Amino acid sequence: MSEKNSFKFEFIALMASLMSIVALSIDALLPALPQIGAHLSLVNAEDQQLLVTMIFLGIGFGQLILGPLSDSFGRKPIVYLGVFIFSIASVMCITTQHFEVMLIGRIGQGIGLSAPRSLAISMVRDTYEGDYMAKIISIVVMFFILIPVIAPSLGQVILHAFSWQAIFIFNLIFGLLVVLWFCKRQPETLAPKYRIPFSSSLYINGIKAFFKFKDAVAFTLISGFITGSFMVYLSTAQHIFQEQYKLGTLFPYIFASLAIAIGLSTFLNSRLVEKIGMWQIAFYGVTAYAVISLLYVILFWSGSNPSIYILIGFLALQFFAVGLLFGNLRAIAMQPLGHMAGMGAAINGFISTVMAVPIANYIGGFVKTSVLPLFIGFSGFGLLSLIVFLVLNYDKRRAKAV
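Rules used in this analysis
- Residues numbered from 1 in each chain as written.
- Predicted model: local features only at pLDDT ≥ 70, side-chain atom pairs only at ≥ 80, totals over all residues.
- Heavy atoms only, no water.
- Helix = DSSP H or I, 4+ residues; strand = E, 2+ residues; numbered from the N terminus.
- Buried < 20%, exposed > 50% of the residue type's maximum accessible area, 1.4 Å probe, protein only.
- Contact = heavy atoms within 4.5 Å.
- Areas by Shrake-Rupley, 256 points an atom, 1.4 Å probe, with all protein chains shown as cover.
- Lys, Arg positive; Asp, Glu negative; His and termini not counted.
- Charge placed at Lys NZ, Arg CZ, Asp CG, Glu CD.
- Expected span 1.5 Å × (residues − 1).
- Bend = angle between axes of the 7 residues up to and from the residue.
- Phe/Tyr/Trp six-rings, centres within 6.5 Å; stacked < 30°, edge-to-face > 60°.
- Lys NZ or Arg CZ within 6 Å of the ring centre and 35° of its normal.
- Axes fitted to C-alpha atoms, helices over the stretch in contact; angles between N-to-C directions.
- Parallel < 35°, antiparallel > 145°, perpendicular 65-115°, else oblique.
- Left-handed = near helix turned anticlockwise from the far one by under 90°.
- Nonpolar A, V, L, I, M, F, W, Y, C, P; charged D, E, K, R; others polar.
- Salt bridge = Lys/Arg side-chain N within 4 Å of Asp/Glu carboxyl O.
- Arc of directions from axis to C-beta.
- Core = buried A, V, L, I, M, F, W, Y, C linked by side-chain atoms within 4.5 Å.
- Patch = residues over 30% accessible without salt bridge, like charges linked within 9 Å, V, L, I, M, F, W, Y side chains within 5 Å.
- Polar contact = N/O pair within 3.5 Å; in protein donor to acceptor, adjacent residues only side chain to side chain.

(A) How the structure looks around the overall build of the protein. Scanning the protein from N- to C-terminus turns up 15 helices and 0 strands. Taken over 402 residues, the protein has a buried fraction of 60%. A separation threshold of at least 6 residues defines the contact pool for the protein, and within that pool the share at least 24 residues apart is 86%. Here the protein displays about 16200 Å² of accessible surface, and carbon together with sulfur accounts for 70% of that area. The positive charge centre, built from 24 side chains, and the negative charge centre, built from 15, are 6 Å apart in the protein.

(B) Fine view of unusual backbone geometry. Although it is not a glycine, Ser41 sits at a positive phi angle of roughly 60 degrees. Of note, Ser41 is situated in the loop between helix H2 (33–39) and helix H3 (50–73). Its identity as a non-glycine residue notwithstanding, Lys246 has a phi of 55 degrees, on the positive side. Counting through the fold element by element, Lys246 comes out in the loop between helix H9 (214–244) and helix H10 (251–276).

(C) Representation of the environment of Ile207 within the structure. Within the fold, Ile207 resides in helix H8 (residues 202–210). Separated by 143 residues in the primary sequence, Ile207 and Leu64 have C-alpha atoms spaced 9.9 Å apart.

(D) Fine view of helix H5 (residues 99–127). Here H5 contains 29 residues, and its C-alpha end-to-end distance of 42 Å stays within 8% of the 42 Å for a straight helix at 1.5 Å per residue. Largest kink in H5: about 35 degrees, centred on Leu113, with the proline Pro116 one to four residues after it.

(E) Structural context of the packing of aromatic side chains. Applying the stated rule across the entire model yields 28 aromatic pairs. Each ring, one from Trp279 and one from Phe389, has its centre 5.5 Å from the other, and the planes form 80 degrees; the classification is edge-to-face. You can see Trp279 sitting in helix H11 (residues 278–299) and its partner Phe389 sitting in helix H15 (residues 372–401), a full 110 residues away along the chain. For the pair formed by Trp279 and Phe389, the shared burial category is buried. The ring centre of Phe182 lies 5.5 Å from the NZ or CZ of Lys76, which sits over that ring.

(F) Spatial organisation of the packing of H11 against helix H12 (residues 308–323). Running from N to C, H11 and H12 cross one another at 160 degrees; their axes reach a closest spacing of 8 Å. Taken together, the axis directions place H11 and H12 in an arrangement best described as roughly antiparallel. Where H11 crosses over H12, the two elements pack in a sense that is left-handed. Within the contact between the two elements, H11 uses Gly285, Ala288, Tyr289, Ile292, Ser293, Leu295, Tyr296 and Leu299 and H12 uses Leu311, Phe314, Leu317, Gln318, Ala321 and Val322. Classifying every residue of the contact of H11 with H12 by side-chain character gives 11 nonpolar, 3 polar and no charged.

(G) Molecular detail of the packing of H5 against helix H6 (residues 130–161). Running from N to C, H5 and H6 cross one another at 145 degrees; their axes reach a closest spacing of 10 Å. For H5 against H6, the interelement crossing comes out right-handed. Here H5 contributes Ile121, Val124 and Arg125 to the contact with H6, which in turn contributes Met133, Ile136 and Ile137. A per-class count over the contact of H5 with H6 returns 5 nonpolar, no polar and 1 charged.

(H) Quick peek at the pattern of salt bridges. A complete count under the given rule lists 3 salt bridges for this structure. Ionic pairing is found between Glu10 and Arg185, a salt bridge with its closest N-O pair at 2.8 Å. Placement of the pair is Glu10 in helix H1 (residues 9–27) and Arg185 in helix H7 (residues 164–185), with a sequence separation of 175 residues. Linking Arg75 and Asp71 is a salt bridge whose minimum nitrogen-to-oxygen distance equals 2.8 Å. An identical accessibility class is assigned to Arg75 and Asp71; each is buried. Where salt bridges share partners, they join Asp71, Arg75 and Asp126 into one cluster.

(I) Structural context of H8. Within the sequence span of H8, burial applies to Leu202, Gly206 and Phe210. Along H8, the residues classed as buried sweep out an arc of 60 degrees about the axis, all on the same side.

(J) Spatial organisation of the nonpolar core. Grouped together as the largest cluster of nonpolar side chains are 141 residues, with contacts concentrated most on Met15, Tyr233, Phe241, Leu311 and Leu315. With 16 residues, H6 is the largest single contributor of residues to this core. When near neighbours in sequence (up to four residues on either side) are disregarded, Leu315 contacts Tyr233, Phe241, Leu258, Leu374, Phe375 and Phe378.

(K) Spotlight on the environment of Ser265. Tracing the backbone shows Ser265 in helix H10. Given the relative accessible area of 0%, Ser265 is considered buried.

(L) Structural context of a nonpolar patch on the surface. A contiguous nonpolar patch, built from Ile169, Ile173, Leu177 and Leu180 and spanning about 380 Å² of accessible area, is present on the exposed surface. Mapped onto the fold, Leu177 is located in helix H7.

(M) Expanded view of the side chain of Ser270. Within the secondary structure, Ser270 sits in helix H10. We classify Ser270 as buried; its relative accessible area is 4%. A distance of 2.6 Å separates a polar atom in the side chain of Ser270 from the backbone oxygen of Phe267. Not counting residues up to four positions away in its chain, the partners in contact with Ser270 are Lys135, Ser138 and Ile139.

Structure follows, in structure tokens:
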């Protein structure tokens, strides 16, 4: 455990880069979805959404397998294993002409990427704690957000210059370079004395231990609600801006501008979290997330899309609230799990992601001619998250009174 205020820029940049392999593998591919659909002879354009959501399904299951292994064997070997799986799955995606094989490849990519994604959080938890841990996670997320700002534009440039397969190749090369940096510069963060001996009961005991912590479970559920509704946007953004609004090549720039809103709020969070506290900021974020989306639903209940400027304004406010949530929700869930950070991050990521995938697939099926279903999803799961927050707060006050 580092000293409370020990700020290491390279460590933060490296953790953000590990997580960014995931973002690049998702967001750089968005402009190429129609071309991939044509290559795979997809008749239903909605099937293209599965190329986005299935990688999240792989991430969810992969974390549950690889995260606990890192508690026994250390963080670095499992990151290497994950990137190896990602590499094999990437080759599968590049070479196939069958939709089913592409989906298996995307799930495989997700399984591999679950290692750098979840273990980056575990390594932060190994190194920091409390509100300062939330501050570091916010900074990591802020750097991580820079990838969605540039990824769709980068993907579009690669698509125009080469082909959609070249996007997969670029993502693979980027991932290998980051892991080479990780190999050379990052020491192992889990000391041997803190490792949990590997056994057949490792997973069962870890799951039992996780569910003993009410805050960890509750904030994992909230993460699932928020991630699921946000994933609807990720899987339908290309359709909304290019098909519903007919904006064509402007899509990457709109996507980037909205990602900046998340980046700004994560930066603000990193500056304020030690003063206000991660719990309080997360509560403000959930409240804003629910209220903003509910306002959109009330104003545009008819289903007619507003002007693109109004839509971007609402989405920017919505994603500003998201920036106050992602880092803090995971930090609060991980706070009591320092002794089992790998298992804790794995279960947290598995539950929230496996919740998110069916949410995204179901709601995404309704985003055909209107953006309204997207905001109905935002508002519904925002309200559910707010209810969980209020119940937890009530229980804490009652416990203090007793």
